[in-house]
Amino acid sequence: MRIGTFNVLNLARPGEECYPNEPVYTAAEYADKCAWIGGQLRRMAADVVGFQEVFHEDALREAGAGVFEPGSIVAPGADGVSGPRVGLATRLPLAGPPESITDFPPGLDVPVEGLALPLGSFSRPILRARVLVGAMTVSVYVAHLKSKRPVHADTTDPSDPREAALGKARALIRRAAEAAALRFLILDDLATTAQPVILLGDLNDGPRAVTTDIILGDPREPHALYSTHDITTRITGQDVSYSHIYRGHYENLDHILVSGDFHDLNPDRIGEVTRLHHFTDHLTGLDEDRATRAVSDHAQLVAEIRLRPPGS
């Protein structure tokens, strides 16, 4: 089974605005972008792919045409006016329609020493799908957490170094709150359904970041998640991967996390992660001024999972 994640970088229909003051795609740019996305999907050859930064669901379907069946590509809420959404494409059947989750689950607003998480919703809704793998149901989550871009009020001066520090702190607080809310959703799933879990996403932080660690949980817990990056690094003895380059800094912002059901050190596993592919060729020499918007500024990741025969 091959599972992938793909930040498509602001996929929108031609002539329709993504963000204020950002040029819209021409018909030619849109055609180039759809062709590039389709080509990458063919290279990835994944059974399930989670997408980020989708502005129009029909644009994602057009980009994936010929690789996935039209009815197997969804991006709930991607209507062009609700901001960027996440999506899913699958060659495997679904147990039901995917869910779009906006509100935080209960329990995140409990104050400790006077502090609480003062947020109640995801900036970009989470997608949850129940994917059928043979006789087994796997809960697949697609996420795009708050970026490191500072959060400023319109009345503030972002060039003020104090306001710059506050803006970054606000972004971190939101990303941490979203990470905790996502962890709560996954814990509820693991406790009530006992279904294996796979998380595909641009988490906007590295494998060792606190926000990523919040989602993973303590590895000693029965409901911990595990990074395919860490699993394959241990298997190969090498860690030279990256999924994003910004101002010369190489980062792993894109992740595929799995429940212990797919960890090779778990004697009761139903499969094991054997390899993690990073599709990075297009990032080499990518101009930060974005001379072309046809390609993404993120790598695509694909994890290979070898399933064990039933009863083994």
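Definitions and cut-offs
Residues numbered from 1 in each chain as written. Predicted model: local features only at pLDDT ≥ 70, side-chain atom pairs only at ≥ 80, totals over all residues. Heavy atoms only, no water. Salt bridge = Lys/Arg side-chain N within 4 Å of Asp/Glu carboxyl O. Buried < 20%, exposed > 50% of the residue type's maximum accessible area, 1.4 Å probe, protein only. Helix = DSSP H or I, 4+ residues; strand = E, 2+ residues; numbered from the N terminus. Core = buried A, V, L, I, M, F, W, Y, C linked by side-chain atoms within 4.5 Å. Contact = heavy atoms within 4.5 Å. Pairing = 2+ DSSP bridges. Axes fitted to C-alpha atoms, helices over the stretch in contact; angles between N-to-C directions. Expected span 1.5 Å × (residues − 1). Polar contact = N/O pair within 3.5 Å; in protein donor to acceptor, adjacent residues only side chain to side chain. 1 Å grid on protein atoms, 1.4 Å probe; cavity = no way out; pocket = protein on both sides within 12 Å on 5 of 7 lines; lining within 4 Å. Points joined across faces, edges and corners; volume = space filled by probe spheres on them.

*Asks:* For this particular structure, what's the right way to read the pattern of salt bridges?
*Replies:* Where charged atoms from two side chains of opposite charge come close, those side chains can pair. Using the criterion set out here, one finds 19 salt bridges in the structure. Among the ionic pairs, Arg13 bridges to Glu16, the shortest N-O distance being 2.9 Å. The class for Glu16 is partly exposed, based on a relative accessible area of 29%. With its nearest N and O atoms 3.1 Å apart, the salt bridge here joins Arg175 to Asp205. You can see Arg175 sitting in helix α3 (residues 161–192) and its partner Asp205 sitting in the loop between β8 (197–202) and α4 (210–216), a full 30 residues away along the chain.

*Asks:* Would you explain the nonpolar core in this entry?
*Replies:* Most often, soluble globular proteins have nonpolar side chains that are buried together. Core analysis: the largest hydrophobic core is formed by 29 residues, its most contacted members being Phe6, Leu11, Ile37, Leu41, Val49 and Phe51. Broken down by secondary-structure element, the contributors of at least two residues to this core are β1 (2–11), α1 (27–44), β2 (48–54) and α2 (57–63). A per-element tally of this core places α1 first, with 6 residues. The residues contacting Val49, other than those within four sequence positions of it, are Gly4, Phe6, Leu41, Met44, Phe68, Gly87, Leu88, Ala89 and Leu200. Membership of the second largest hydrophobic core comes to 27 residues, among which are Ile3, Leu88, Val133 and Val140.

*Asks:* Help me out: how do you make sense of the sheet that holds β8 in this one?
*Replies:* Each strand in a sheet pairs with another by means of backbone hydrogen bonds, the pair being arranged parallel or else antiparallel. Read from one edge to the other, the open sheet built from 6 strands follows the order β5-β6-β7-β8-β12-β9, with strand pairing classed as mixed. What marks the edges here is a single partner per strand, and that holds for β5 (99–103) and β9 (225–227). Between one strand and the next, the sheet's axes are offset by a mean angle of 25°, whatever the strand orientation. The pairing of β9 with strand β12 (residues 254–259) spans 3 bridges and is classified as antiparallel. When the bridges of β12 are listed, Tyr226 appears paired with Val258. Here α3 sits on the sheet and contacts β5, β6 (121–133), β7 (136–144), β8, β9 and β12; the angle it forms with β6, its principal contact strand, is near 30°. Seen against the sheet, helix α5 (residues 228–236) touches β9 and β12 and runs at an angle of roughly 55° to β9.

*Asks:* Looking at this structure, I do not really get α3. What am I missing?
*Replies:* Each α-helix turn comprises 3.6 residues. Residues three or four places apart therefore point the same way. With 32 residues, α3 extends 47 Å between its outermost C-alpha atoms, agreeing within 8% with the 46 Å of an ideal straight helix rising 1.5 Å per residue. Sitting at the head of α3, Asp160 places a side-chain oxygen 2.9 Å from the backbone nitrogen of Arg162. Count one or two residues on from α3 and you reach Ala194, which has phi positive near 60°.

*Asks:* Looking at this structure, I do not really get empty space enclosed by the protein. What am I missing?
*Replies:* The probe, sized like a water molecule, is rolled over the atoms to show the empty space still left. One pass over the structure, following the stated rule, counts 1 cavity of 30 Å³ or more. By volume, the largest cavity amounts to about 50 Å³. Forming the walls of the largest cavity are Pro207, Ser227, Thr228, His229, Asn252, Asp254, His255, Ile256, Leu276, His278 and Leu301. Contributing elements (two or more residues each) for the lining of the largest cavity: α5, β12 and β13 (271–279). With 3 residues, the top contributor of residues to the lining of the largest cavity is β12.

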